[in-house]
Amino acid sequence: MNKIELNGMSLNELKALMIDIGEKSYRGQQVFTYFNRNNNLDIDSLIQLPKDLRKKISDLSFVNELKIYKRFDSRVDRTSKYLFQLRDDNIIESVFMQYKHGNTACISTQIGCRMGCKFCASTKEGLIRNLTPAEMLNQIYMMEKDTGEVISNVVLMGSGEPLDNYDNVLKFINIIHDENGHNISLRNITLSTCGIIPKIYELSKENLPITLSVSLHSPFDSERAKIMPIAKKYNISELIKACRFYERSTNRRLTFEYTLIENINDTKADLEELSRILKGFNSHVNIIPLNPIKEYDKERPIRDHVKKFQIELLKRNIPATIRREMGSDISASCGQLRRSITKV
Ligand code: SF4
């Protein structure tokens, strides 16, 4: 019999498990709080539970742990990047960022990714496997323990396409939001997707007011398809329709990520079309100057050019910001650190 991942269970699942093994349901809450509020993982140290119950639990379940493989601290800002080693020795990457408004964790949802975006290092070896809910939660808990800081914002923007690991990601969100655990507000959670349309509709109906961040990168299907294979499956007009549905269902402003690539998606025609498709939309464009990786030899636009692109969007009444680069001295874009370790 496969053992259950105990620290990836929701409060209700833990309560049901306790009832199943002939215990009172409040025992489930004790276990849930131990993992998710107190950041503890050693079930043998949960002395509020009788010894024989701890043994019973250990016989049918396991606690999924990860350890810090390496940490890189930025010298230019308060950012640390982590490589974590999983039970099966796979390595994943997470980022801890300190801002004035609170601490943010950027976490991975998969090992690798099968979406194939050209500018992304995470996808170069395809998808290795999905992360479990506990593996996502542990990235946050470990960074809190290691830094001694509280994390109040979570972005699912590390390696992996969150909507390609839908059930585990949803479970993770519900657990991290649970008031008996970390109680992170849903509004402080951002999920980034390359645009898997059926899953955007599914997510719209979950009644979760999280922020959806959609990687657009070009307003033209043909250009977008050159850098994002997902665009061959779903066109931009269908994508925008799904995003508008998400906006109406959740009442949340969407973000469109736009990696600015010199001479690829930074022309006047791009500006005009981008403004046209986003007109009247409660959204904003987050411009990200390309972080070149060696497998994608396109240029990062100069700073003035990025600024100009933003100003031109603002002139057209499209809210736009330029993403502040965090931890620029400790290896760049998502997946690069992990890849530098796993690939010699
Ligand atoms: S950008 Fe995101 S969706 Fe695209 S390959 Fe990278 S991790 Fe996957």
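Residues numbered from 1 in each chain as written. Predicted model: local features only at pLDDT ≥ 70, side-chain atom pairs only at ≥ 80, totals over all residues. Heavy atoms only, no water.

> How should the site of the ligand be read in this particular structure?
Cys113, Met115, Gly116, Cys117, Cys120, Thr123, Gly160, Glu161 and Cys194 make up every residue found near the ligand. Tallied by class, residues from the shell around the ligand come to five nonpolar, three polar and one charged. (Near = heavy atom within 4 Å. Nonpolar A, V, L, I, M, F, W, Y, C, P; charged D, E, K, R; others polar.)

> What should I look at first to understand the layout of surface pockets in this one?
Of the voids in this model, the second largest pocket is the one considered here, and its volume is about 160 Å³. For the second largest pocket, the full set of lining residues is Arg114, Met115, Leu163, Asp164, Tyr166, Ile196, Lys199, Pro229, Ile230, Lys233 and Tyr234. Residues belonging to the lining of the second largest pocket are distributed by class as follows: seven nonpolar, no polar and four charged. (1 Å grid on protein atoms, 1.4 Å probe; cavity = no way out; pocket = protein on both sides within 12 Å on 5 of 7 lines; lining within 4 Å. Points joined across faces, edges and corners; volume = space filled by probe spheres on them.)

> Would you mind showing me how to read the packing of aromatic side chains here?
Per the stated rule, a full pass over the model turns up five aromatic pairs. Ring centres 6.2 Å apart and planes at 55 degrees place the aromatic pair Tyr34 and Phe35 in the tilted group. Like Tyr34, the residue Phe35 is buried in the burial classification. (Phe/Tyr/Trp six-rings, centres within 6.5 Å; stacked < 30°, edge-to-face > 60°. Buried < 20%, exposed > 50% of the residue type's maximum accessible area, 1.4 Å probe, protein only.)

> What is the right way to look at the nonpolar core in this model?
One broad rule of soluble globular proteins: the nonpolar side chains tend to lie buried together. If you look at the biggest cluster of nonpolar residues, it comprises 93 residues, and the most contacted ones within it are Leu6, Val31, Phe172 and Ile173. Among the elements that take part in this core, helix α5 (residues 166-177) stands out by supplying seven residues, more than any other. Each of two domains, domain 1 (4-62) and domain 2 (67-342), supplies a minimum of three residues to this core. Ile173 has contacts with Leu156, Leu186, Ile189, Leu191, Leu208 and Ile210, leaving out every residue within four places of it along the chain. (Core = buried A, V, L, I, M, F, W, Y, C linked by side-chain atoms within 4.5 Å. Helix = DSSP H or I, 4+ residues; strand = E, 2+ residues; numbered from the N terminus. Domains from an automatic or database assignment. Contact = heavy atoms within 4.5 Å.)

> Looking at this structure, how should I read the side chain of Gln139?
Structurally, Gln139 is set in helix α4 (residues 133-147). Within the local environment of Gln139, its side chain forms a polar contact with the backbone oxygen of Glu135, the two atoms lying 3.2 Å apart. Ignoring any residue separated from it by four or fewer positions in sequence, one finds Gln139 in contact with Leu66, Phe84, Ile92, Glu93, Ser94, Ile107, Ser108 and Leu131. (Polar contact = N/O pair within 3.5 Å; in protein donor to acceptor, adjacent residues only side chain to side chain.)

> Hey, could you run me through the sheet that holds strand β10 (residues 189-193) in this one?
Strands pair in a sheet through their backbones, by hydrogen bonds, and they do so in one of two ways: parallel or antiparallel. Within the open sheet, the 10 strands sit side by side as β3-β4-β5-β6-β9-β10-β11-β12-β13-β14. Their pairing is mixed. Taken across any chain shown, the strands that pair with only one partner, and hence form the sheet edges, are β3 (67-73) and β14 (320-322). Within the sheet, the average angular offset between the axes of one strand and its neighbour, ignoring direction, is 25 degrees. In terms of strand pairing, strand β13 (residues 283-289) meets β14 through three bridges, oriented parallel. In the sheet register, Ile287 faces β14, and the bridge partner there is Ile322. (Pairing = 2+ DSSP bridges. Axes fitted to C-alpha atoms, helices over the stretch in contact; angles between N-to-C directions.)

> Help me understand the state of the cysteines in this model?
Inspection of every chain in the model, using the stated rule, returns zero disulfides. Not part of a disulfide, Cys243 finds its nearest cysteine sulfur in Cys194, a span of 11 Å. (Disulfide = S-S within 2.5 Å.)

> Looking at this structure, how should I read the domain arrangement of the protein?
Buried accessible area, meaning the area lost when the parts come together, often serves as the stated size of an interface. Under the domain assignment used here, the protein contains domain 1 (4-62) and domain 2 (67-342). Relative to domain 2, the C-alpha centre of domain 1 lies at a distance of 33 Å. At the interface, 16 residues of domain 1 touch 16 residues of domain 2. Buried area between domain 1 and domain 2, summed over both chains or domains, comes out near 1400 Å², and the portion from carbon and sulfur atoms is 47%. Remark: the boundary between domain 1 and domain 2 carries one salt bridge. Two residues, Glu13 and Lys171, come together in a salt bridge whose shortest N-O distance is 2.9 Å. At the junction of domain 1 with domain 2, the criterion picks out 10 residue pairs in polar contact (both at pLDDT 80 or more). Of all the elements, helix α2 (residues 26-36) adds the most residues to the side of domain 1 that touches domain 2, at five residues. (Buried area = accessible area lost by both parts, 1.4 Å probe. Salt bridge = Lys/Arg side-chain N within 4 Å of Asp/Glu carboxyl O.)

> Please explain the pattern of salt bridges as it appears in this structure.
Side chains that differ in charge, positive against negative, can pair when their charged atoms come close. Within the structure shown, the criterion is met by 16 salt bridges. Between Asp88 and Arg129 there is a salt bridge, with its nearest N and O atoms 2.8 Å apart. In this pair, Asp88 is assigned in the loop between β4 (79-85) and β5 (91-99) and Arg129 in strand β8 (residues 127-130), connecting sequence segments 41 residues apart. The class for Asp88 is partly exposed, based on a relative accessible area of 40%. Across the pair Glu312 and Arg316 runs a salt bridge, and its minimum N-O distance is 2.9 Å. Residues participating in the shared-partner salt-bridge network are Lys268, Glu272, Glu312, Lys315 and Arg316.

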